[in-house]
Amino acid sequence: MNRLGIMGGTFDPIHYGHLVGAEMARSKFNLSKVLFIPSGTPPHKDRSDISAAGLRYEMIERAIQDNPAFDISAIELERKGPSYTVDTLRVLREDWPDHELYFITGSDVLCEIFSWHEVEEILKMTEFIGAARPGFDASDFLLKVHQEHPEAQGRIHYLEVPALAISSTDIRARVKLGEPIRYLLPEPVRLFIQDHGLYTEEGSAL
Ligand code: NAP
């Protein structure tokens, strides 16, 4: 069966850590495509902290344009209400019936999945790949899975991604302080941030 990677995140902004992680996951798990899905209204966040969905979407489009194995979906931006992963997976299963689903996201987010809406259903529909920053230790979490959630055993994988030393939080802070962000993300994304005044005091309302 073919395998579809689903890259879920806020991507505010997308950077090389995300792109390298998606490419490593594509190669290691033999994914035929990786679909980037920016979250619309993350269930656990104050929306006012996050750049407008359309801006985050456009930055991803610019970042992935040269990789034919990467694509983007606005599915969570078009849906009203909180962006529950279970709803997204239900739609993707219909749209990609001959594909096994692999949901890729940050390793620390993944440690919280047992608090996610309808997690039992989620685990039936997808396997998970946690893209881990250097030094991240998943052993406690995997032990908990082994002891308390046997249904998830073997369906949660971790992948160390050295490029994830880069973070969106750090990039936003650098822009605010007037520090350089060149080489942390694709140049078309850097220019987009600059042109739209993102992450500066003036641009933060965009
Ligand atoms: P986030 O808070 O923006 O990110 C948390 C951490 O994970 C950050 O360090 C972030 O680094 C990293 N990260 C996020 N996405 C990543 C990715 N695709 N690859 C590598 N690192 C990543 O997390 P979020 O975006 O809100 O949530 C992640 C995904 O989980 C989303 O698709 C969200 O919808 C889903 N989620 C679902 C539920 C639910 O259904 N109840 C609850 C929580 C999350 P950067 O800041 O550098 O990206």
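Anyway, here's the lowdown on the structure attached to this text. (Residues numbered from 1 in each chain as written. Predicted model: local features only at pLDDT ≥ 70, side-chain atom pairs only at ≥ 80, totals over all residues. Heavy atoms only, no water.)

Along the backbone of the protein there are nine helices and six strands. Taking 17 Å as the expected radius of gyration for a compact globule of 206 residues, we find that the protein reaches 17 Å, a close match to that expectation. Seen through its principal axes, the protein has C-alpha atoms that stretch 50 × 35 × 35 Å. Looking at the protein as a whole, 49% of its 206 residues qualify as buried. Sequence-distant contacts, at least 24 apart, represent 77% of the contacts inside the protein between residues at least 6 apart. For the protein, the accessible surface area stands at approximately 10,400 Å², while carbon and sulfur atoms represent 50% of it. Across the protein, the centroid of the 21 positively charged side chains sits 2 Å from that of the 32 negatively charged ones. (Helix = DSSP H or I, 4+ residues; strand = E, 2+ residues; numbered from the N terminus. Rg over C-alpha atoms; globule rule 2.2 N^0.38 Å. Buried < 20%, exposed > 50% of the residue type's maximum accessible area, 1.4 Å probe, protein only. Contact = heavy atoms within 4.5 Å. Areas by Shrake-Rupley, 256 points an atom, 1.4 Å probe, with all protein chains shown as cover. Lys, Arg positive; Asp, Glu negative; His and termini not counted. Charge placed at Lys NZ, Arg CZ, Asp CG, Glu CD.)

Closest axis-to-axis distance for the helix H2 (residues 53-64)/helix H9 (residues 187-196) pair is 8 Å, and the angle between their directions is 150°. The angle between H2 and H9 places the two elements in the roughly antiparallel class. For the pair H2 and H9, the contacting residues are Leu55, Glu58, Met59, Arg62 and Ala63 in the first and Pro188, Val189, Phe192, Ile193 and His196 in the second. Within the contact of H2 with H9, the residues separate by chemical class into seven nonpolar, one polar and two charged. (Axes fitted to C-alpha atoms, helices over the stretch in contact; angles between N-to-C directions. Parallel < 35°, antiparallel > 145°, perpendicular 65-115°, else oblique. Nonpolar A, V, L, I, M, F, W, Y, C, P; charged D, E, K, R; others polar.)

For the rest of this paragraph, the subject is the site of the ligand. Residues in close proximity to the ligand total 27 residues, the closest being Thr10, His18, Lys45, Arg133 and Ser168. One nitrogen or oxygen atom from the main chain of Gly8 is found 3.0 Å from a nitrogen atom belonging to the ligand. Summarising the interface, the protein chains cover 89% of the accessible area of the ligand, which totals 870 Å² for the free molecule. Listed by contribution, the elements that provide at least two residues to the shell around the ligand are strand S1 (2-9), strand S4 (99-106) and helix H5 (107-110). Here the shell around the ligand takes four residues from S4, the largest share from any one element. In the shell around the ligand, the residues fall into ten nonpolar, 14 polar and three charged. (Near = heavy atom within 4 Å. Polar contact = N/O pair within 3.5 Å; in protein donor to acceptor, adjacent residues only side chain to side chain.)

For the structure shown, the criterion picks out ten salt bridges. Between Arg62 and Glu58 there is a salt bridge, with the nearest N and O atoms lying 3.3 Å from each other. Of the two residues, Arg62 and Glu58 are both situated in helix H2; the distance of four residues between them amounts to about one turn of the helix. For Glu58, a relative accessible area of 31% translates into the label partly exposed. Salt bridges sharing partners connect three or more residues here, namely Asp87, Arg90 and Glu118. (Salt bridge = Lys/Arg side-chain N within 4 Å of Asp/Glu carboxyl O.)

As a rule of thumb, non-glycine residues mostly have phi less than zero, and peptide bonds are mostly trans rather than cis. Cis geometry marks the peptide bond from Asp12 to Pro13; its omega dihedral reads 5°. Counting through the fold element by element, Pro13 comes out in the loop between S1 and helix H1 (16-28). Unlike most non-glycine residues, Asn30 shows phi in positive territory, near 55°. With respect to the element layout, Asn30 can be found in the loop between H1 and strand S2 (33-38).

The next thing to look at is the pairing of strand S5 (residues 126-132). Among the seven residues in S5, seven count as buried, and that is most of the element. Taken together, the five bridges between S5 and strand S6 (residues 156-160) define a ladder with parallel strand orientation. When the bridges of S6 are listed, Gly130 appears paired with Tyr158. (Pairing = 2+ DSSP bridges.)

In this structure, Ile14, Val34, Phe36, Met59, Phe70 and Ile193 are the most contacted members of the largest nonpolar core, which totals 38 residues. Among the elements of the structure, H1, S2, H2, strand S3 (70-72), S4, S5, helix H8 (168-177) and H9 are those that each provide at least two residues to this core. For this core, the element with the most residues is H2, which contributes six residues. Ignoring any residue separated from it by four or fewer positions in sequence, one finds Phe36 in contact with Met7, Phe11, Ile14, Leu19, Ala22, Ile60, Ile64, Phe70, Asp71, Ile72 and Ser73. (Core = buried A, V, L, I, M, F, W, Y, C linked by side-chain atoms within 4.5 Å.)

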